[in-house]
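Structural overview
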Amino acid sequence: MTEPAAAPAVRLDLPSGERVTHRDVAANGARFHIAELGDGPLVLLLHGFPQFWWTWRYQLSALAAAGYRAVAMDLRGVGGSDRTPRGYDPANLALDVTGVIRSLGEPDAALVGHDLGGYLAWTAAAMRPKLVRRLAVVSMPHPRRWRAAMLRDARQTAASSYIWGFQRPWIPERQLTADDGALVGELIRNWSGPRLPEDADVAAYQRAMCIPSTAHCSIEPYRWLVRSLARPDGIQFNRRMKRPVRVPTLHLHGSLDPVTRTRSAAGSGEYVEAPYRWRLFDGLGHFPHEEDPVAFSTELINWLKDPEPDR
């Protein structure tokens, strides 16, 4: 249990001055911190690496103003959520997500996931389709596309060199927390496009990564993804992901993303048996929702409100 130490670093107010509601919800055998704003249909936002709920600060305001109940959760092991000794495989992490939907008392949610959060959003939509109303994925291909790209595309393998580096014991954790999380700031700036983040925002991510055990828990999902490639559990998961996504899906990507190549992400629509919309943001990198929050939020909200999203 890390909440007393984590609270000052992660229970932040929004840049707009709005005060989000911070609270904890129980799901799938653990406790998860959420930041909530607004009323209406639920939109659940899932962050990626090396971040926490704060990455959605602009979208929380925009979604609430548009008439949605916007909730950004900290994934297992990150931010204000529990740091458990195990449970970092994508199937279990996806059950965290769907469990939070149930704990919020909602029949379903529109899931919006970035990076690792996008991977989990794809997984949740395939595993628990009744709980996912719509799906929006940012900077992350479908899990089967990700696996194929990592194994067969030398350029994607090179772009994902940090994931291969995570397979070493202990060293990555020490690197992430050294010098007050300086590497976190370096990664975020290197992965962004020309519109670099504010120093204060980067500092928030660095502080969150330095909360005890966070670096280890942040890396564990990536260790599973690589180490399971040839293991029965990984092969079984890959087979499960053949199950098509049957909800309207919006796939968002930055044209300058150096981490996930556009070629790797494009084509994920083959796993969607529902309206699928691909949107490439020109001149943006791995964090389009932060690099151009107005354009991103406008695209997302217009799609959420569109009764015919296949147009």
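**Notes on the pairing of strand S6 (residues 132-138)**
Of all 7 residues that make up S6, 6 are buried, and the element is covered over most of its length. Of the pairings in the sheet, the one linking strand S5 (residues 109-114) to S6 comprises 6 bridges and is parallel in character. From the neighbouring strand, Leu111 faces S6, where its bridge partner is Leu135. A crossover links S5 with its parallel partner S6, the connecting element being helix H4 (residues 116-127), and its sense is right-handed. In this sheet, strand S7 (residues 249-254) lies alongside S6 in parallel orientation, the contact comprising 4 bridges. If you follow Val138 over to S7, its bridge partner there is Leu252.

**Describing the pattern of salt bridges**
Applying the stated criterion to the full structure yields 21 salt bridges. For the salt bridge of Asp201 with Arg57, the shortest nitrogen-to-oxygen distance reads 3.1 Å. Residue Asp201 is found in helix H9 (residues 199-209), and its partner Arg57 is found in helix H2 (residues 57-65); the two are separated by 144 residues along the sequence. Of the two residues, Asp201 and Arg57, neither departs from the other in class, the shared state being buried. Here the salt bridges do not stand alone but share partners, grouping Arg11, Asp24, Arg31 and Asp82 into one network.

**Observations regarding the environment of Leu93**
The topology assignment puts Leu93 in helix H3 (residues 90-103). Counting along the chain gives 27 residues from Leu93 to Leu120, while the straight-line C-alpha distance between them is 6.8 Å. Excluding anything up to four places from it in sequence, Leu93 contacts Arg76, Gly87, Tyr88, Leu120 and Pro221.

**Describing the side chain of Ser268**
Here Ser268 is to be found in the loop between helix H12 (262-265) and strand S8 (276-281). A distance of 2.8 Å separates a polar atom in the side chain of Ser268 from the backbone oxygen of Ala265. Non-local contacts of Ser268, meaning those with residues more than four positions away in its chain, are made with Trp122, Pro141, His142, Arg145, His251 and Tyr276.

**Focus: the confidence of the model for the protein chain**
Predicted confidence across the protein chain gives a mean pLDDT of 95, with 98% of residues reaching 70 or more. No element of the protein chain has a lower mean pLDDT than helix H1 (residues 3-10), at 70, and none a higher one than strand S3 (residues 42-46), at 99.

**Quick notes on the side chain of Arg83**
Inspection of the secondary structure assignment puts Arg83 in the loop between strand S4 (69-73) and H3. Within polar-contact distance, the side chain of Arg83 engages the backbone oxygen of Gly79 at 2.7 Å. Polar contacts involving the side chain of Arg83 include one to the main-chain carbonyl oxygen of Ser81, which spans 2.6 Å.

**Considerations on the environment of Arg155**
For Arg155, the location among the structural elements is in helix H6 (residues 154-159). Since its relative accessible area comes to 61%, Arg155 is described here as exposed. The spacing of Arg155 and Arg83 is 72 residues in sequence and 33 Å in space, taken between C-alpha atoms.

**Description of the nonpolar core**
Counting residues in hydrophobic clusters, the biggest one holds 100 residues, and the most contacted among them are Leu44, Trp53 and Leu111. A per-element tally of this core places H4 first, with 9 residues.

**Side note on H4**
If you check H4, its first and last C-alpha atoms are 16 Å apart, about what 12 residues at 1.5 Å a residue would give, namely 16 Å. Considered for burial, the residues of H4 that qualify are Leu116, Gly117, Gly118, Tyr119, Leu120, Ala121, Trp122, Thr123, Ala124, Ala125, Ala126 and Met127.

**Points about the environment of Ala62**
Mapped onto the secondary structure, Ala62 falls in helix H2. Along the primary structure Ala62 and Ser218 are separated by 156 residues, whereas in three dimensions their C-alpha atoms are 28 Å apart.

**Describing a positive patch on the surface**
Residues Arg102, Arg128, Arg240 and Arg243 make up a contiguous surface patch of positive charge. Among the structural elements, Arg240 can be located in helix H11 (residues 232-240). Arg240 gets classed as partly exposed once you look at its relative accessible area, which sits at 33%.

**Focus on unusual backbone geometry**
In this structure, the amide linkage connecting Phe49 to the following residue, Pro50, adopts the cis form with an omega of 0°. In this model, Ser213 sits at a positive phi of 75°, which is unusual for a non-glycine residue. Position of Ser213 among the secondary structure elements: in the loop between H9 and helix H10 (214-227).

Rules used throughout
Residues numbered from 1 in each chain as written. Predicted model: local features only at pLDDT ≥ 70, side-chain atom pairs only at ≥ 80, totals over all residues. Heavy atoms only, no water. Buried < 20%, exposed > 50% of the residue type's maximum accessible area, 1.4 Å probe, protein only. Helix = DSSP H or I, 4+ residues; strand = E, 2+ residues; numbered from the N terminus. Pairing = 2+ DSSP bridges. Right-handed = clockwise from strand over helix to strand, strands pointing away. Salt bridge = Lys/Arg side-chain N within 4 Å of Asp/Glu carboxyl O. Contact = heavy atoms within 4.5 Å. Polar contact = N/O pair within 3.5 Å; in protein donor to acceptor, adjacent residues only side chain to side chain. pLDDT = per-residue confidence, 0-100. Core = buried A, V, L, I, M, F, W, Y, C linked by side-chain atoms within 4.5 Å. Expected span 1.5 Å × (residues − 1). Patch = residues over 30% accessible without salt bridge, like charges linked within 9 Å, V, L, I, M, F, W, Y side chains within 5 Å. Areas by Shrake-Rupley, 256 points an atom, 1.4 Å probe, with all protein chains shown as cover. Lys, Arg positive; Asp, Glu negative; His and termini not counted. Charge placed at Lys NZ, Arg CZ, Asp CG, Glu CD.

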